[in-house]
There are 2 protein chains.
Amino acid sequence: MNSFQFQNPTQIVFGPGTVSKLGELVQPYGRNVLLVYGSGSIKRTGLYDQVIAQLNAIGARMYELPDVEPNPRLSTVHKGIELARAHSIDLILAVGGGSVIDAAKAIAVGVPYEGDVWDFCIRKAVIREGLPLGTVLTLAATGSEMNGNSVITNWETQQKRAFGSRFAYPRFSILDPELTYTVPASHTVNGAVDIMSHVFEQYFSLTANTPLQERFCEGILQTVIENVELALADPQHADARANLLWAGTMALNGIIGVGVQQDWASHGIEHEISAIYDIPHGAGLSIVFPNWMKYVYQERIDRFVQYAVRVWGVDPSGKTPEETALAGIERTRAFFTRIGAQATLAEFGIGADKLERMAEEAVRFGPLGSFKKLERDDVLRILQMSL
Amino acid sequence: MNSFQFQNPTQIVFGPGTVSKLGELVQPYGRNVLLVYGSGSIKRTGLYDQVIAQLNAIGARMYELPDVEPNPRLSTVHKGIELARAHSIDLILAVGGGSVIDAAKAIAVGVPYEGDVWDFCIRKAVIREGLPLGTVLTLAATGSEMNGNSVITNWETQQKRAFGSRFAYPRFSILDPELTYTVPASHTVNGAVDIMSHVFEQYFSLTANTPLQERFCEGILQTVIENVELALADPQHADARANLLWAGTMALNGIIGVGVQQDWASHGIEHEISAIYDIPHGAGLSIVFPNWMKYVYQERIDRFVQYAVRVWGVDPSGKTPEETALAGIERTRAFFTRIGAQATLAEFGIGADKLERMAEEAVRFGPLGSFKKLERDDVLRILQMSL
């Protein structure tokens with residue numbers, strides 16, 4: 001186990017009907033609230049009205065930034081920053097999934113910064129403060145509701161970049177499983193893939209002596225595997241929705257990754273795909289991750305054997321470690337396919353023409369990952385496997 | 001899964017040699033530091049000198065409360081409160097195990113309170129503020145380094161009582177596995193039992209649909225089981241010490257118990273024993289817990305079957321659920337015995353004469369626990385099984 005520091009101050013309010021606590025959670029921060037949301041599904045489901053009613057009841061003055069994109073764009077963040085400055089916003093309130101929360105984080109840290117918030121994404125500047133941020137989560141997926149990370153897409157330069165800061169942690173996050181009953185099946189699927197991918201990035205590590213972290217990872221993976229099909233069969237399955245929601249938060253709130261050298265190469269590769277083609281993040285991960293696994297498993301075959309045995313129940317008897325490891329990877333792909341996630345770029349009509357450019361852009365700041373350090377040609381090979 | 005709120009703001013600094021970060025962690029809180037510690041073992045090991053050097057380097061003014069007892073006493077807490085008030089203390093710094101930290105917490109919340117800090121233990125008053133508290137942990141055991149709970153013994157009334165408050169969370173805790181190399185074997189054993197007991201109190205629950213919480217619990221138990229004998233055989237086993245230390249923190253920082261109706265009857269029973277006989281907390285738990293298990297397992301036999309199978313690897317084939325459950329309980333007792341933990345009150349020379357009084361005191365505020373609600377006679381039966 002490596003040395004580490006851990007601190008996560010976000011207040012989680014979890015359970016059916018917890019939207020009713022929004023007013024009392026917002027009140028301490030002041031009256032001017034910037035409401036950030038996405039495509040308008042929160043209006044169709046009635047969540048928008050619930051939020052407005054809660055904010056009205058405490059006498060809040062509301063301003064709105066709607067239409068945040070699935071891969072949230074820098075231009076949208078700029079709009080939010082202007083709005084927040086113009087109206088002396090006290091609290092940013094994100095109501096939606098990970099994209100909405102990520103955009104809200106960028107707005108929160110962008111408001112007090114004199115330069116362009118994109119500076120934080122390209123490491124030109126360090127975040128030193130941020131407006132308070134609260135969230136009402138509507139999708140089990142990114143874990144953004146309980147961490148300080150954000151991913152923003154600069155559409156002009158076709159770059160998708162992440163930043164992280166202790167000033168970007170939500171002060172509070174409402175996790176109401178009922179709000180996830182109405183998400184489209186494809187979102188449930190992509191969310192599940194996203195959660196599992198976050199675990200993979202922390203689980204497939206070269207760091208020795210992390211038995212507790214590994215078991216936590218395996219527990220999250222098993223919980224997602226056991227619950228996603230229940231939620232797909234019955235979108236109002238209260239138990240499955242609750243388990244997926246909490247699994248998503250635990251997958252990326254820092255706990256399972258303490259003291260572990262993490263990888264994140266697959267995310268790096270996926271970001272290059274969706275920066276150009278704007279495909280859903282979870283779909284990109286579903287395509288890339290099993291191919292990454294096949295490309296790297298020999299770096300530490302015992303971890304892939306453990307994964308196959310503990311997570312998928314592969315029986316290792318009579319198998320070589322290689323056969324067991326590969327069986328686990330096959331089970332991963334088969335599971336993704338069974339729940340309806342994509343396996344190839346071709347399913348999005350994406351061909352080979354921009355793979356080299358993606359591979360180059362992916363390693364612009366150096367090789368990707370740590371489990372196996374991926375150079376340009378490694379990334380290209382994984383992209384070719386993904387066609 | 002029940003609805004829940006979760007927030008844990010403690011900053012963890014984990015790793016070998018992290019005592020060297022003490023100065024920079026203390027500095028933001030001010031110059032006047034009250035150093036709280038125990039029997040003087042920190043002087044023998046050189047930790048005391050390291051701490052003093054760190055505090056000197058930042059120009060801190062130090063005051064000291066030594067000799068905190070293994071079951072920390074109210075009278076000692078009173079002394080600490082007086083010291084802190086007399087010297088306008090800015091930060092309480094606990095250097096030691098759970099008892100020292102618990103005493104420091106009581107001092108921290110007692111200083112700004114006009115009445116007697118014991119009021120918090122008997123629910124006569126609510127904690128509304130507290131001095132900042134930092135800790136340097138020397139023993140994997142109580143989890144007090146990352147929660148807001150404290151257990152104090154009032155020796156005059158022979159009562160051991162707990163309080164919990166968000167104002168009692170340490171601001172920071174240094175978890176340096178090397179500091180645990182020198183603890184006596186009995187402390188390592190009692191610490192391991194304590195950690196496992198904390199998990200039991202959250203794992204044996206009637207709450208339905210908590211698959212992730214259960215797997216986290218099982219992961220901690222397995223980690224302790226796999227590592228404690230390594231640490232006993234080689235007290236400087238870096239990996240085992242690191243794993244035990246982190247397992248202890250994760251067992252009681254709130255994460256594994258979210259949305260779960262917890263039990264805590266065994267702790268209630270143990271507190272009555274050690275309030276009168278002043279035996280080590282972990283030893284008391286080692287005696288009581290397997291007897292509690294035998295007394296209650298039929299309330300939810302499937303959970304005890306799961307425990308036996310997943311944690312102890314009991315093969316359930318050809319066994320009734322009852323046989324499997326009992327095998328898990330037997331494995332627990334055998335493990336405690338193998339690592340050198342006590343199994344009977346007789347080993348401490350404790351006889352039957354005060355059992356009735358303990359049983360009555362244990363249920364003074366109502367029945368104990370939730371897995372099975374224990375009345376006076378239930379507690380008495382478990383105590384008799386423990387003779």
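Residues numbered from 1 in each chain as written. Chains lettered and ligands numbered in written order. Predicted model: local features only at pLDDT ≥ 70, side-chain atom pairs only at ≥ 80, totals over all residues. Heavy atoms only, no water.

Within an unreviewed UniProt entry, the label attached to chain A reads Iron-containing alcohol dehydrogenase, and the organism entered is Paenibacillus hodogayensis.

### Description of the interface of chain A and chain B
Contacts between chain A and chain B engage 38 residues on the former and 38 residues on the latter. For the pairing of chain A and chain B, the buried interface totals around 3300 Å² over both sides, and the portion due to carbon and sulfur atoms is 58%. Linking chain A with chain B are two salt bridges, by the criterion used here. In this structure, E226(A) engages R215(B) in a salt bridge whose closest nitrogen and oxygen atoms are separated by 2.7 Å. Run the count over chain A and chain B and you get 16 residue pairs in polar contact (both at pLDDT 80 or more). Of the residues contributing to the side of chain A that touches chain B, the split by class is 19 nonpolar, 14 polar and five charged. Here seven bridges tie strand β1 (residues 4-14) of chain A to strand β1 (residues 4-14) of chain B, and the two strands are oriented antiparallel to one another. (Contact = heavy atoms within 4.5 Å. Buried area = accessible area lost by both parts, 1.4 Å probe. Salt bridge = Lys/Arg side-chain N within 4 Å of Asp/Glu carboxyl O. Polar contact = N/O pair within 3.5 Å; in protein donor to acceptor, adjacent residues only side chain to side chain. Nonpolar A, V, L, I, M, F, W, Y, C, P; charged D, E, K, R; others polar. Pairing = 2+ DSSP bridges. Helix = DSSP H or I, 4+ residues; strand = E, 2+ residues; numbered from the N terminus.)

### A closer look at the nonpolar core
The biggest cluster of nonpolar side chains holds 218 residues, and the ones touching the most others in it are I92(A), I220(A), W292(A), I92(B), I220(B) and W292(B). Those residues in contact with I220(B), other than ones at most four positions away along the chain, are L212(A), F216(A), I195(B), V199(B), A247(B), M250(B), A251(B) and I256(B). Among the nonpolar cores identified, the runner-up in size contains 23 residues, and I52(A), L91(A), L93(A) and V95(A) belong to it. (Core = buried A, V, L, I, M, F, W, Y, C linked by side-chain atoms within 4.5 Å. Buried < 20%, exposed > 50% of the residue type's maximum accessible area, 1.4 Å probe, protein only.)

### Remarks on the relation of the copies chain A and chain B
Between chain A and chain B, the superposition needs a rotation of 180° and an axial shift of 0.0 Å, giving an RMSD of 0.0 Å. Between the two chains, the operation in question is that of a two-fold axis. Among all residues of chain A, the one whose C-alpha sits closest to the rotation axis is P9(A), at a distance of 2.3 Å. Comparing contact sets, 100% of the residues at the interface of chain A also lie at the interface in chain B, consistent with an isologous, same-surface contact. (Least-squares fit on C-alpha atoms with pLDDT ≥ 70 in both.)

### Some remarks on the environment of S20(B)
Residue and element names in this part refer to chain B. Structurally, S20 is set in the loop between β1 and α1 (22-26). What makes S20 partly exposed here is its relative accessible area of 47%. Among the polar contacts listed, one links the side chain of S20 to the backbone oxygen of G17, at a separation of 2.9 Å.

### What about the domain arrangement of chain A?
Residue and element names in this part refer to chain A. Per the domain assignment, the segments making up chain A are domain 1 (11-179) and domain 2 (185-385). In this structure, domain 1 and domain 2 have C-alpha centres spaced 26 Å apart. At the interface, 22 residues of domain 1 touch 28 residues of domain 2. Between domain 1 and domain 2, roughly 2100 Å² of surface is buried when both sides are summed, and carbon and sulfur atoms account for 57% of that area. Of all residues in domain 1, the largest losses of buried area upon contact with domain 2 belong to A140, Q158 and K160, amounting jointly to 25% of the total for that side. Where domain 1 touches domain 2, the interface holds four salt bridges. Remark: the boundary between domain 1 and domain 2 carries nine residue pairs in polar contact (both at pLDDT 80 or more). (Domains from an automatic or database assignment.)

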